[in-house]
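Here is what each chain is made of, one letter per residue.
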Amino acid sequence: MQVDLHGAVRIACLAAEFDWTWTIDDIARFCATANWTEESRDEHGVNALTGLNIEDPGALFVYDLASLSRYGKPGQQVSELTLPVSDQCVTHGESCYAPTLDPTLRQNHRSLTDTFAALTNRITAELGEPAHSGPGPEPSIRWHPMRKTEGRSEGTPDESPEAVIELCVRNGCLDLRIINPAVQAWWDAWVADTEEDEEIAEDEDGTWEAYHFEDFHQATDVMPDKPRTWPEFSAALALTLTRLRQVGVLVLNKGDQCSAEFRLTPFRISCRLARAQSFPPGDSVAMTDNGWSFEQDTATETWVLSTQWPAPYQDLETLADAAVRAVRELIHVADPADLEVSGWDDYPSTHPDLTAFGICSYCDC
């Protein structure tokens, strides 16, 4: 998979420093600043050639005025600029995020995960810490670089973002989005209202669930086998962690003996290993030596191990291997089949993707 890391960082920095008015006049000015070439335009936007070193070096300035008006979005003329910064990572017509353990798709998925983490770090080094993280099957991360108002010192409330810069995975490739802040604020408010409604009640006729149930099964024509060995189990766990949403929880249970709970907080992913009985002193030393931290003031003995998010795939494999090692060697679970794998999300409209374990998240198939 080809990705233009340098070009993506350059565009993010140009966008952060550009004097945006979010009118159509910005298009020609930004193309000149970025040394892009306008290719075509219609009622929906302007297509430009970016010159990035990828298969499809195109960009789209979106200014669909009819859509803006119809859906009640703010009246600015340009809503966003979007462009791919990598090739599309697909095999046999499937996105590398298709829930499968096919070796080629797994390697593509690893490449996307690693590149997303690497590009996040490089943009962060230029723009500062991100403002929003969106883990999941198609992850995203956003920066709100501030442009200082004239006459104000840095850090005052009058600072406001000129643009929202988002790096995301969509349809198997990395996209960079430069978003009108007013449009982003509108979208965030709409999402918050939607999530609040979902917490109150699901659709009475089940239409929403039926739609996603059908969509899910179209992507999982063949369900992977359940892991039979510990290496297979650890590999399935690492893959599942790359798909875990920020509102999602993944749990490995061994009856009442122990549980390993994986959660995402903003910019970190952690495993909390809880055991009903205390570890012998030697085992506690082993946990500490392997990087685990003892958590005080809990009803059960609890140890925590975490890593940053987004993370390279290898770091998630390390986290998965550490959890499996603790379950095997210190809690003495003999076989992967002895562990119950489950998960849930905070909202009823989403489900953790457990297909790497051969588990359908939507039904008992």
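## Here we look at the layout of surface pockets
In this structure, the second largest pocket encloses a volume near 160 Å³. Tallying contributions element by element places helix α4 (residues 103–127) first for the lining of the second largest pocket, with three residues. Split by residue class, the lining of the second largest pocket holds five nonpolar, four polar and one charged.

## Topic: the nonpolar core
Judged by nonpolar contacts, the single largest core of 84 residues is most densely connected at F30, W36 and F262. Beyond its immediate sequence surroundings of up to four residues, F30 is in contact with L14, A15, F18, W20, W36, F61 and L81.

## Concerning the pairing of strand β13 (residues 248–254)
Buried residues dominate β13, accounting for five of its seven residues. In this structure, β13 lies alongside strand β18 (residues 340–345), joined through six bridges in antiparallel fashion. Bridge pairing links N253 to E340 in β18. The pairing of β13 with strand β14 (residues 258–265) spans six bridges and is antiparallel. When the sheet's bridge partners are listed, L252 is paired in β14 with A260.

## Quick look at unusual backbone geometry
That bond from W309 to P310 is cis: its omega, 0°, falls within 30 degrees of zero. Structurally, P310 is set in the loop between β17 (301–308) and α9 (313–330). At N35, a position not held by glycine, the phi torsion is positive, near 65°. With respect to the helices and strands, N35 occurs in the loop between α2 (25–34) and β1 (37–41). Of note in the backbone geometry, H332 takes a positive phi value of approximately 65° without being a glycine.

## Some thoughts on the sheet that holds strand β8 (residues 140–143)
As summarised here, the arrangement of the eight strands in space is β1-β2-β3-β4-β12-β11-β8-β7, forming an open sheet in which the pairing is antiparallel. The two strands at the open ends of the sheet, each matched to only one other strand, are β1 and β7 (132–134). The average undirected angle you get between the axes of adjacent strands in this sheet is 20°. Pairing between β7 and β8: three bridges, direction antiparallel. From the neighbouring strand, S133 faces β8, where its bridge partner is I141.

## Examining empty space enclosed by the protein
Scanning the entire structure with this criterion turns up one cavity of 30 Å³ or more. Here the largest cavity defines a volume of roughly 100 Å³. Forming the walls of the largest cavity are twelve residues, and the residues nearest its centre are T113, F116, P139, T242 and W309. Take the lining of the largest cavity: its biggest share by element is three residues, from α4. Residues of the lining of the largest cavity, tallied by class, amount to nine nonpolar, three polar and no charged.

## As for the environment of D321
Tracing the chain through its elements places D321 in helix α9. In this structure, the C-alpha to C-alpha distance between D321 and A235, residues 86 residues apart in sequence, is 8.3 Å.

Thresholds, definitions, all that
- Residues numbered from 1 in each chain as written.
- Predicted model: local features only at pLDDT ≥ 70, side-chain atom pairs only at ≥ 80, totals over all residues.
- Heavy atoms only, no water.
- 1 Å grid on protein atoms, 1.4 Å probe; cavity = no way out; pocket = protein on both sides within 12 Å on 5 of 7 lines; lining within 4 Å.
- Points joined across faces, edges and corners; volume = space filled by probe spheres on them.
- Helix = DSSP H or I, 4+ residues; strand = E, 2+ residues; numbered from the N terminus.
- Nonpolar A, V, L, I, M, F, W, Y, C, P; charged D, E, K, R; others polar.
- Core = buried A, V, L, I, M, F, W, Y, C linked by side-chain atoms within 4.5 Å.
- Buried < 20%, exposed > 50% of the residue type's maximum accessible area, 1.4 Å probe, protein only.
- Contact = heavy atoms within 4.5 Å.
- Pairing = 2+ DSSP bridges.
- Axes fitted to C-alpha atoms, helices over the stretch in contact; angles between N-to-C directions.

None of the figures reported here should be taken as evidence of function without further support.
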